[in-house]
Amino acid sequence: MSMPDTVPAAPARKLSIELLMFAAIGATLLVLLLVAFLALKNEKQPSPDAIVIQASIFLLFVFFAVLAVPVWRRIRALPGGVLGLQPRPLLQAGALQHAIFNSINFSLIATDARGVIRIFNPGAERMLGYAAAEVIDKITPAGISDADELVARAEALSLEWGSQIEPGLAALVYKASRGIEDIYELTYIRNDGTRFPAIVSATALRSEEGNIIGYLLIGTDNTARKRVEARQAVLDQRLRDQQHALQQNNIELEAARAAAEKANLAKSEFLSSMSHELRTPLNAILGFAQLMESDTPPPSSGQQQSIIQILQAGWYLLRLINEILDLAMIESGKVTISQESMSLTDVLEDCQAMFEPQAQKRGIQMHFPRLHDPIFVHADRTRVKQVMINLLSNAIKYNRMDGTVTVECNPAAESRIRVSVRDTGAGLAPEQLAQLFQPFNRLGQQASTEEGTGIGLVVTKQLVELMGGAIGVESTVGGGSLFWIELPVSTAPELVFGADHMLPVGADLAPSLPAGQQRTLLYVEDNPANLALVEQLIGRRSDLKLLTATDGHMGIAIAQGAQPDVILMDIHLPGISGFGALKALRADPATADIPVIALSANAVPSDIKRGMDAGFFRYLTKPIKVVELMEALDVVLENTGEDRRSAMLAPAANAGERRETSMKEHDD
């Protein structure tokens, strides 16, 4: 079925015939006028008959003109002009209608009022596989639709509209018959029996009087969109499955982490308890063994040998306890690292003095580097010394008789210093190197006469890494071993003067005090470089006398005996921390009122808050800021007697009140 490109207009055709008749009459009149004109031209005196003819022709022409006026007006009123054809816009509209009807991209099915198919466009033929002749005047659109879906749609519409709707055509056009444009999804069935999803738009066709004369169903193939939706559904399901699996993994990981933390806490508590329980009898064993060794009269030769065995076993057991506790603290994240600029040269000199006598007993020669300039690294002095002690102890312990131990110190990449310890022992096989840093693994040395725990190197590795360093080993069987560590280079500790507080060299920093009022400052610090700095600084104050201690226990003892006016305390100290020392000082009535100023490299806000809550008068951070330190000392020294006592106890009392308030709030 096709549509003409142009459509003739009947009124225009009729008018064209009338126009031709008038044109013929007009041409005849013109011919008569011409003939009369020629006839009369040859006569000198026109006859009466000629005059009558001329007048008649003239009147006939006028009559023709009068008749032609309405005809011309009718011609002007027609949109198609004298040709009687539609104008160009209507031609374009016809072409569009033709293109729409013959499109193969969608199906266009029109029915009569009974629903029988009357129009079946090429798009419907391509989509459904039927020829138009196979369906026109033969079936309704329900015949090419899924029957189960029609039943379901009829039930849904019946429920929605409250009336019984039968499956079939009524289910497809019910809303359209009520003037509602209905767009729904439906499964069409092709001529070959295959199915495909379609989006159908149903509209009622009405006459000029408003009566339904048929229905128009426009459908598009929805297969591609359904395929995309199916793939998207699969992806969504996979995503949900992965999210569920991830949630499950997170729950399991959280449970495992909680269990690990609980086990780690239980292990730490157990080790702490066991350490206390073991140290108490061990203290008696070592103490009485040393008393027996130095008793008068001296013990016999046999007794002396027994006492030596007791002491050796006791000291070994103590070392084992300490190493196990170190490992437990590192694994639980409770180990304290106080990194600052420290002299590596001083540590090596201390180790040389400590180990050379031990090496000489075994005939081992030790070679230490001769450093003309001091070397400074950014690390924890106590931990660096612990690391070097472990490495040098192993180098002597597992060396051969009359062997050598060589210590070297050289620059490394990335602004680091490498310290290496080389021995001439038996060396390690590749499989032993792979197990080197495993806890309690002595690499086959269990049957040897050398004592060991298999923990020292594990602790050493973790301490070096906690300080931002690295550790490595090179070894060959029969060629000895080379252990090395690398630590970041630093500069010598400095006193920091504010930009607006530059002090001249040799300036006296003391306030003007009456003669004889020199006060005592006790500085507890294990870093010799920091001790030297503060000694130089306090040397400029004529009002202060400086006492020093290199560990917490020594500091407590000096404070109890000397009763200093103020104590400057490092936090990270060997043996007992600054917090532990402060607690011991506060517990002793003789030292409870002495103000203690913390001076530490632990400078994060939580560390400072913890220090102030613990009862330190001030918490100063390294590098040492001269103005800040002097101001803190001046505040302490300006308060004497009862004023000093009340002023000094205020921070601790406030901290205690804060803790007590917090506990009460917690209890509430």
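Let me begin by describing the structure that accompanies this report. Every chain begins its residue count from 1, and numbering advances along the sequence as written. Thresholds applied to this predicted model are a pLDDT of at least 70 for local features of residues and 80 or more for the giving and counting of side-chain atom pairs; totals over whole chains, interfaces and linings are not thresholded and use all residues. Just so you know, side-chain values use all the structure's heavy atoms and leave hydrogens and water out.

## Some remarks on the overall build of the protein chain
What counts is decided by this rule: Under the scheme used here, helices are H or I runs from DSSP no shorter than 4 residues and strands are E runs no shorter than 2 residues, and both carry numbers assigned from the N terminus. Relative accessibility under 20% of the residue-type maximum defines a buried residue, over 50% an exposed one, and the middle range a partly exposed one, all with a 1.4 Å probe and only protein chains included. By the convention used here, residues are in contact when the closest approach between their heavy atoms is within 4.5 Å.
A count of helices and strands for the protein chain gives 19 helices and 17 strands. In the protein chain, which comprises 668 residues, the share counted as buried stands at 37%. Considering only intrachain contacts with a sequence separation of at least 6, the fraction spanning at least 24 residues in the protein chain is 64%.

## Quick notes on the nonpolar core
Condition: Nonpolar core, defined: a set of buried Ala, Val, Leu, Ile, Met, Phe, Trp, Tyr and Cys residues in which side-chain atoms within 4.5 Å join the residues together.
Counting 43 residues, the largest nonpolar core has Leu344, Val384, Met388, Leu392, Val419 and Ile485 as its most contacted members. For this core, the elements supplying multiple residues, two or more each, are α9 (301-331), α10 (344-361), β8 (376-379), α11 (381-397), β9 (404-412), β10 (416-423), α13 (456-466) and β12 (480-488). Broken down by element, the residue count for this core peaks at 7 residues, all from α11. Sequence-distant contacts of leucine 392, defined by excluding residues within four places in its chain, comprise Cys351, Phe355, Met366, Phe368, Val405, Val407 and Val421. With 26 residues, the next largest nonpolar core counts Ala132, Tyr184, Ala204 and Tyr215 among its residues.

## Focus: the sheet that holds strand β1 (residues 107-112)
Through backbone hydrogen bonds, the strands of a sheet pair up, either in parallel or in antiparallel fashion. For the record, the criterion: In this scheme, strands are said to pair when DSSP sees at least two bridges between them. Only C-alpha atoms enter the line fits that serve as axes; for helices the fit covers just the stretch in contact. Angles between N-to-C directions range over 0 to 180 degrees.
Overall, antiparallel pairing links the 5 strands, which are arranged β2-β1-β5-β4-β3 in an open sheet. At either margin of the open sheet sits one strand with a lone partner, and together these are β2 (117-120) and β3 (182-189). Taken over all neighbouring pairs, the strand axes of this sheet differ in orientation by 30 degrees on average, direction set aside. Across 8 bridges, β3 lies against strand β4 (residues 195-206) in antiparallel orientation. Within β4, the residue paired with isoleucine 189 across the bridge is arginine 195. In the packing of helix α7 (residues 169-177) onto the sheet, the strands contacted are β3, β4 and β5 (212-221), and the crossing angle to β4 comes to about 40 degrees.

## Comments concerning the pattern of salt bridges
Rules: Every case where a carboxyl oxygen of Asp or Glu lies within 4 Å of a side-chain nitrogen of Lys or Arg is listed as a salt bridge.
For the structure on display, the rule yields 18 salt bridges. The shortest N-O distance in the salt bridge between arginine 225 and glutamate 229 comes to 2.3 Å. Of this pair, arginine 225 and glutamate 229 both sit in helix α8 (residues 223-293), 4 residues apart, which is roughly one turn of that helix. Among the ionic pairs, aspartate 350 bridges to arginine 381, the shortest N-O distance being 3.0 Å. Residue aspartate 350 is found in helix α10, and its partner arginine 381 is found in helix α11; the two are separated by 31 residues along the sequence. For aspartate 350, a relative accessible area of 30% corresponds to the partly exposed category. One connected set of salt bridges, linked through shared partners, spans Asp112, Arg114, Arg118 and Asp137.

## Focus: the packing of aromatic side chains
Ring pairs (aromatic) are described by centroid distance and by the angle formed between their planes. For the record, the criterion: Whether two aromatic rings pair depends on their centres lying within 6.5 Å, for rings of Phe, Tyr and Trp, where Trp uses its six-membered ring; planes under 30 degrees apart make the pair stacked, over 60 edge-to-face, and the rest tilted.
The final tally for this structure, using the stated rule, is 3 aromatic pairs. A ring pair is formed by tryptophan 161 and tyrosine 174, whose centres lie 5.7 Å apart and whose planes are at 70 degrees; its orientation type is edge-to-face. Of this pair, tryptophan 161 sits in helix α6 (residues 147-161) while tyrosine 174 is found in helix α7, placing the two residues 13 residues apart along the sequence. Note on tryptophan 161: relative accessible area 33%, which makes it partly exposed. On the basis of relative accessibility, which here comes to 12%, the residue tyrosine 174 falls in the buried class. When the ring of phenylalanine 579 is compared with that of phenylalanine 616, the centres are 5.8 Å apart and the planes differ by 70 degrees; the resulting orientation is edge-to-face. Of this pair, phenylalanine 579 sits in helix α16 (residues 578-587) while phenylalanine 616 sits in the loop between α17 (605-614) and β17 (618-621), and the two are 37 residues apart along the sequence.

## Here we look at a nonpolar patch on the surface
Formally: A patch consists of residues whose relative accessible area exceeds 30% and which take part in no salt bridge; residues with like charges are grouped when within 9 Å of each other, and nonpolar side chains (Val, Leu, Ile, Met, Phe, Trp, Tyr) when within 5 Å. Only the protein chains shown count as covering a residue, and every accessible area follows the Shrake-Rupley method with a 1.4 Å probe.
Together, Phe58, Leu59, Val62 and Val66 give the surface a local cluster of nonpolar side chains, amounting to about 400 Å² of exposed area. Here valine 66 lies in helix α2 (residues 48-77). For valine 66, a relative accessible area of 54% translates into the label exposed.

## Regarding the sheet that holds strand β14 (residues 544-549)
Spatial strand order, β14-β13-β15-β16-β17: 5 strands in an open sheet with parallel pairing. Looking at the sheet topology across the chains shown, the edges are occupied by β14 and β17. Here the strands of the sheet are splayed against their neighbours by 20 degrees on average, with no regard to which way each runs.

## Re the side chain of glutamate 340
Its location among the elements puts glutamate 340 in strand β6 (residues 340-343). The buried category is assigned to glutamate 340, whose relative accessible area is 9%. Those residues within four positions of glutamate 340 in sequence are excluded, and the remaining contacts are Val377, His378, Ala379, Glu525, Asn527, Asn530, Ala601 and Lys622.

## Focus on the pairing of β5
Both β1 and β5 contribute to a ladder of 6 bridges, which runs antiparallel. What sits directly across from serine 107, in β5, is glycine 219. Note: β4 against β5, 9 bridges, orientation antiparallel. Residue pairing for β5: valine 200 is matched across the bridge by glycine 219. The hairpin formed by β4 and β5 contains 5 residues between the paired strands, and glycine 210 there has a positive phi angle of roughly 95 degrees.

## Concerning the pairing of β14
Under the convention used in this document: When the strands point away from the viewer, a crossover counts as right-handed if the route from the first strand across the helix to the second turns clockwise.
Taken together, the 6 bridges between strand β13 (residues 519-524) and β14 define a ladder with parallel strand orientation. Counted as the bridge partner of arginine 519 is leucine 544 from β14. Since β13 and β14 lie parallel, the crossover through helix α14 (residues 528-539) that links them has a hand, and here it is right-handed.

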